[in-house]
Amino acid sequence: MEERGFEIMCKSALPQFYGVKSVWLRRTSSGVNSYPAHMHPYYELYYFKSGQVSFVVGNRLYSLTEGDIIFVRPNQYHHAVCDSENPHVHFCVNFYVSDPLLADFFDNLAAKNHLCYSKKIKEEIYRLLMTNTDTKNSAKRDKFAEYSDFFRLMSLLKSESDASVVSDRCPE
C-alpha cells in the first residue's frame, strides 16, 4: 500500500476504547525526499528505526538516531526529511483522543516533541511496535493483548517523561 511516497508495510487499529482510538503503522521509503509538511487532528508518535532522517516540528529541526521518538500534537505542522538514498524505516502510532484526561496525558507528552528514553525503554517500545504491526501473527492476537500493549506503551512513555535525567542529545 502506498501513501504519500511511503510504503505502508503493516497497519493495525484498535477500536475506540476509553476515549482513545489508536492506529499503528510501520512504513518504509527509499531515496532522498521530504515528507510534505502537514498537520492532522490527532496525536502522532513517530518512532525512527533506521535510515538517515531529520524531523521538523513547527520551526524546530531534530536530527534522529535509531530509537528516537517524536511526539506531535493535533494540528501541529510537522514532516520528516530523508537525508540519504538509503531506505528509511519508521513507525507511527496515531492517537484519536476524545477523553479530556487522556488528552491532558498526551499534551504533557507533546510538550517536548523530541522524547528521550533509555536504551531499554526504546527496545521495549520497538518490541511493542513490531508485535502490533506483525501481519503474520495479527490473526492470533486477541483484543485483550492489543489493549494490554496499548497501555504498556502509555506506561513506557510516561515512565521516563517524568524522569529528571535527560539525554545530552535531547533538547530541553
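This section reports on the structure supplied with the text. In this convention, every chain numbers its residues from 1, walking through the sequence in written order. In keeping with the predicted nature of the model, local features appear solely for residues at pLDDT of at least 70, side-chain atom pairs appear and are counted solely at 80 or more, and the whole-chain, interface and lining totals rest on all residues. Heavy atoms from the whole structure form the basis of all side-chain values; hydrogens and water molecules are not counted.

Its 14 residues give helix 2 (residues 119-132) an end-to-end C-alpha distance of 20 Å, which sits within 8% of 20 Å, the value for a rise of 1.5 Å per residue. Buried, partly exposed and exposed residues are distinguished by accessible area as a fraction of the type maximum, computed with a 1.4 Å probe on protein chains only: under 20%, between the cut-offs, and over 50%, respectively. To qualify as a helix, a DSSP run of H or I must reach at least 4 residues; to qualify as a strand, a run of E must reach at least 2; elements of each kind are numbered from the N terminus. Of all the positions in helix 2, only Ile121, Lys122, Glu124, Ile125, Leu128, Leu129 and Asn132 are classed as buried. End-on, the buried residues of helix 2 take up no more than an arc of 165°, which puts them together on one face. For helix 2, the exposed residues lying more than 90 degrees away from the buried face are Lys119 and Lys120. Helices are assigned an expected span. That span is 1.5 Å times one less than the residue count. To be clear, the arc concerns the directions from the helix axis to the C-beta atoms.

Let's shift gears to the nonpolar core. The criterion is simple. A nonpolar core is a set of buried Ala, Val, Leu, Ile, Met, Phe, Trp, Tyr and Cys residues joined through side-chain atoms within 4.5 Å. Formed by 26 residues in total, the largest nonpolar core has its most connected members in Phe71, Phe95, Phe106, Ile125 and Leu157. Listing elements by their share of this core, those giving two or more residues are strand 4 (43-50), strand 7 (69-72), strand 9 (88-97), helix 1 (100-110), helix 2 and helix 3 (143-161). Ranked by residue count, the leading element in this core is helix 1, at six residues. Contact definition: two residues touch when any of their heavy atoms are within 4.5 Å. Setting aside chain neighbours within four positions, we find Leu157 in contact with Leu45, Ile69, Leu109, Tyr117 and Ile125. By size, the runner-up hydrophobic cluster in this structure holds 14 residues, among which are Val23, Phe48, Ile70 and Ala80.

Along an α-helix, residues three or four apart share an orientation, since each turn contains 3.6 residues. Buried residues of helix 1: Leu102, Ala103, Phe105, Phe106, Leu109 and Ala110, and no others. Within helix 1, the buried residues cover an arc of 160° as seen down the axis, which keeps them to one side. Of the exposed residues in helix 1, the ones pointing more than 90 degrees away from its buried face are Pro100, Leu101 and Asn108. Of the residues that open helix 1, the one with a side-chain oxygen 2.9 Å from the backbone nitrogen of Leu101 is Asp99. N or O atoms within 3.5 Å of each other form a polar contact, as long as, within protein, one can give a hydrogen and the other can take it, and as long as residues adjacent in sequence are counted only when both atoms are side-chain atoms.

For the rest of this paragraph, the subject is the sheet that holds strand 6 (residues 60-63). Strand order in the open sheet made by the three strands is 6-5-8, with antiparallel pairing throughout. The strands lining the two open edges of the sheet, one partner per strand, are strand 6 and strand 8 (78-82). Each strand axis lies, on average, 20° off the axis of its neighbour in the sheet, ignoring direction. One bridge is not enough; two strands pair if DSSP finds at least two bridges between them. As judged from the five bridges shared by strand 5 (residues 53-57) and strand 8, these two strands associate in the antiparallel manner. Within the sheet, the bridge partner assigned to Val53 lies in strand 8 and is Cys82. Every axis in this analysis is a line fitted to C-alpha atoms, fitted for helices over the stretch in contact. Angles between the N-to-C directions lie between 0 and 180 degrees.

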